[in-house]
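Commentary on secondary and tertiary structure
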Amino acid sequence: MIKTFFLRLKWCPLLCMILLCFSISIPLSAGPESKVEPKPKGFPKGSEVRVMTDRTSNHLQPLWAMFQEDTGITVKSVYLKKGLVNRFRARPREADLVLVKNIFLLEQFKQEGLLGLDAKLWKNSPVDKKYWDTAGKYTSLSSRGRVIYFNRKKVKPSQLDSYFDLAKPEWKGRICIRSGYHNYNLSLFSQLAVVYGPKQTEKFIRGLAANLARAPKGNDRAQIKAIMQGKCDLAIANHYYYGVMLGIPEQKPWAEATRMFFPEQKASGTVLLRSGVALTQNQKRRAEAKALISWLQGPRAQGWISGKLYSFPVLKGVAISGVNQDFTVNVAFNKQSYKRRKLASKKVASIEKKSGKAMFKTHVVPLSSVLEKRKWVMKVLNDVNFDRN
């Protein structure tokens, strides 16, 4: 008995060494907490960063809570549904960052000399440089397709191919759209003018105006609701509203009455509207501001933006939300029946999930060129009395 005891005792150090080696070399399986990103060093307790934005608190507060959890930095925001441009021009150093839902505003601020710059932040970003300003002054955080919604019972996908199809006589009195002067539509028309030229774009705007079922009014979701109510059969709106509406009981029938079509798959690709962020010239909290931009382009924030806001992430490798996977398939599937396209999209969805990239064409247009066309677009809208004022 005593001999056996000492024999066991003799082997204990060896067993401990073996267990120690395994504990070092074999990583623990990653659980839900592994999504929390490591806290960057060097930020004292009470650190904060200030953001001026035209996005809503519903969109941003969950992100700010996660950022504080990951970094210890508190985000203080000034939310401006209207008046951001004038406020930022009047107080360009009030905040450390300016975050907007339509990135062309940042190009405007850049040309006015109101933005800051950090070359390292730009050069070291994991995001493709096409999502950055060419001078590194601002960057995209997400994108939304400006797509065509159609009545699933009255319109076949095979009838659609391009934005320019909406100017055809067959759609007279069947299209709804919000104000042509809204930033979403100004951005769409301006980008089309850059890609396809003013002549073709003016013809499109005139034909679209002639085909409207009613005077432009309401927001994007109001146009989709109008399709459900039978007031029109087609509408132009942002793609992410489909997923949003499915999650709201009152609006779910609006989404279910429609389908989305991603135009220009045989040409340059669907027009994207991008949200964006930029450093201001305020240097007081520059390190915290840079940390927030880096975090917003990191996997945790990009995953939340994709899964909860239904926008397309800008970081490669982040999965696209399931709702979007059902629609972001190439044009060959769009021209099949919905049932067949649904089956085909399952294969595409698995590819998209692995790659983090939608299997459809989009076009990222240089914003300096877009801003140049903006005044021209407004002139055309005035000439055709687009909003029927």
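Conventions adopted
- Residues numbered from 1 in each chain as written.
- Predicted model: local features only at pLDDT ≥ 70, side-chain atom pairs only at ≥ 80, totals over all residues.
- Heavy atoms only, no water.
- pLDDT = per-residue confidence, 0-100.
- Contact = heavy atoms within 4.5 Å.
- Phe/Tyr/Trp six-rings, centres within 6.5 Å; stacked < 30°, edge-to-face > 60°.
- Helix = DSSP H or I, 4+ residues; strand = E, 2+ residues; numbered from the N terminus.
- Buried < 20%, exposed > 50% of the residue type's maximum accessible area, 1.4 Å probe, protein only.
- Axes fitted to C-alpha atoms, helices over the stretch in contact; angles between N-to-C directions.
- Parallel < 35°, antiparallel > 145°, perpendicular 65-115°, else oblique.
- Nonpolar A, V, L, I, M, F, W, Y, C, P; charged D, E, K, R; others polar.
- Salt bridge = Lys/Arg side-chain N within 4 Å of Asp/Glu carboxyl O.
- Arc of directions from axis to C-beta.
- Polar contact = N/O pair within 3.5 Å; in protein donor to acceptor, adjacent residues only side chain to side chain.
- 1 Å grid on protein atoms, 1.4 Å probe; cavity = no way out; pocket = protein on both sides within 12 Å on 5 of 7 lines; lining within 4 Å.
- Points joined across faces, edges and corners; volume = space filled by probe spheres on them.
- Pairing = 2+ DSSP bridges.
- Disulfide = S-S within 2.5 Å.

**Here we look at the confidence of the model for the protein chain**
- Residues at a pLDDT of 70 or more form 80% of the protein chain, whose mean pLDDT is 85.
- Counted against residues more than four places away or in other chains, residues 1–35, with its pLDDT under 50, gives one contact.
- In the predicted structure, residues 329–341 sits below a pLDDT of 50 and forms 29 contacts with residues beyond four places in sequence or in another chain.

**Describing the packing of aromatic side chains**
- Counted by the stated rule, this structure contains seven aromatic pairs.
- Between Phe 189 and Phe 386, the ring centres sit 6.0 Å apart and the planes meet at 70 degrees, which makes this aromatic pair edge-to-face. Placement of the pair is Phe 189 in helix H6 (residues 183–196) and Phe 386 in the segment after helix H16 (367–383), with a sequence separation of 197 residues. A single burial state applies to Phe 189 and to Phe 386, both of which are buried.
- A network of ring pairs unites the aromatic residues Phe 164, Phe 189, Tyr 196, Phe 204 and Phe 386 as a single cluster.

**Regarding the side chain of Arg 285**
- Within the secondary structure layout, Arg 285 lies in the loop between strand E8 (270–279) and helix H11 (286–296).
- Residue Arg 285 is classed as buried on the basis of its relative accessible area, which comes to 13%.
- In this structure, Arg 285 is in contact with Glu 48, Val 49, Arg 50 and Asp 96, ignoring residues within four places of it in sequence.

**Things to note about the packing of helix H4 (residues 104–111) against H16**
- Two elements in contact, H4 and H16, have axes separated by 9 Å at closest approach and are oriented at 90 degrees. Comparing their axes, H16 and H4 come out roughly perpendicular. On the side of H4, the interface is formed by Phe 104, Glu 107, Gln 108 and Gln 111, while H16 contributes Leu 367, Ser 368, Leu 371 and Arg 374.
- Tallied by class, the residues present in the contact of H4 with H16 amount to three nonpolar, three polar and two charged.

**Observations regarding the pattern of salt bridges**
- For the structure shown, the criterion picks out 18 salt bridges.
- For Arg 300, the salt bridge identified is with Glu 69, shortest N-O distance 3.3 Å. Of this pair, Arg 300 sits in helix H12 (residues 299–309) while Glu 69 sits in helix H2 (residues 57–71), and the two are 231 residues apart along the sequence.
- A salt bridge links Asp 383 to Lys 379; its shortest N-O distance comes to 3.3 Å. Placement of both Asp 383 and Lys 379 in helix H16 is noted, with a separation of four residues, approximately one turn of the helix.
- Among the charged side chains, a salt-bridge network with shared partners connects Glu 48, Arg 50 and Lys 76.

**Quick notes on helix H8 (residues 220–228)**
- Listed as buried for H8 are Asp 220, Gln 223, Ile 224, Ala 226 and Ile 227. With its buried residues spanning 155 degrees around the axis, H8 presents them on a single face.
- Where H8 begins, the capping side chain belongs to Asn 219, and its oxygen is found 3.2 Å from the backbone nitrogen of Arg 221.
- Of the residues trailing H8, Gly 230 is marked for its positive phi of about 85 degrees.

**Things to note about the side chain of Thr 53**
- Topologically, Thr 53 is positioned in strand E1 (residues 48–53).
- The class of Thr 53 is buried, set by a relative accessible area of 0%.
- At 2.9 Å, the side chain of Thr 53 forms a polar contact with the backbone nitrogen of Arg 55.
- Ignoring sequence-local partners within four residues, the contact set of Thr 53 consists of Leu 60, Val 78, Tyr 79, Leu 80, Leu 84 and Leu 99.

**A look at empty space enclosed by the protein**
- In total, this model carries three cavities of 30 Å³ or more according to the counting rule given.
- The calculated volume of the largest cavity comes to roughly 90 Å³.
- For the largest cavity, the full set of lining residues is Arg 55, His 59, Leu 60, Leu 63, Trp 64, Leu 99, Leu 141, Ser 142, Ser 275, Leu 296, Ile 305 and Leu 309.
- Among the secondary structure elements, those contributing two or more residues to the lining of the largest cavity are H2, strand E4 (138–151) and H12.

**Brief notes about the pairing of strand E3 (residues 97–100)**
- Side-chain alternation along E3 places Leu 97 and Leu 99 on one buried face and Val 98 and Val 100 on a second face that is also buried.
- Bridge count between E3 and E8: four bridges; the pairing is antiparallel. Following the sheet pairing, Leu 99 is matched in E8 by Val 277.

**Points about the state of the cysteines**
- With the rule as written, the count across this model stands at one disulfide.
- Note that Cys 176 is cross-linked by a disulfide to Cys 232, the S-S spacing being 2.2 Å. The sign of the S-S torsion, about -115 degrees, decides the handedness of the disulfide formed by Cys 176 and Cys 232: left-handed. One end of the pair, Cys 176, is in strand E5 (residues 175–176); the other, Cys 232, is in the loop between H8 and strand E6 (234–238), with 56 residues separating them in the sequence.
- According to the relative accessible area criterion, Cys 176 is buried, its value standing at 1%.
- Given the relative accessible area of 2%, Cys 232 is considered buried.

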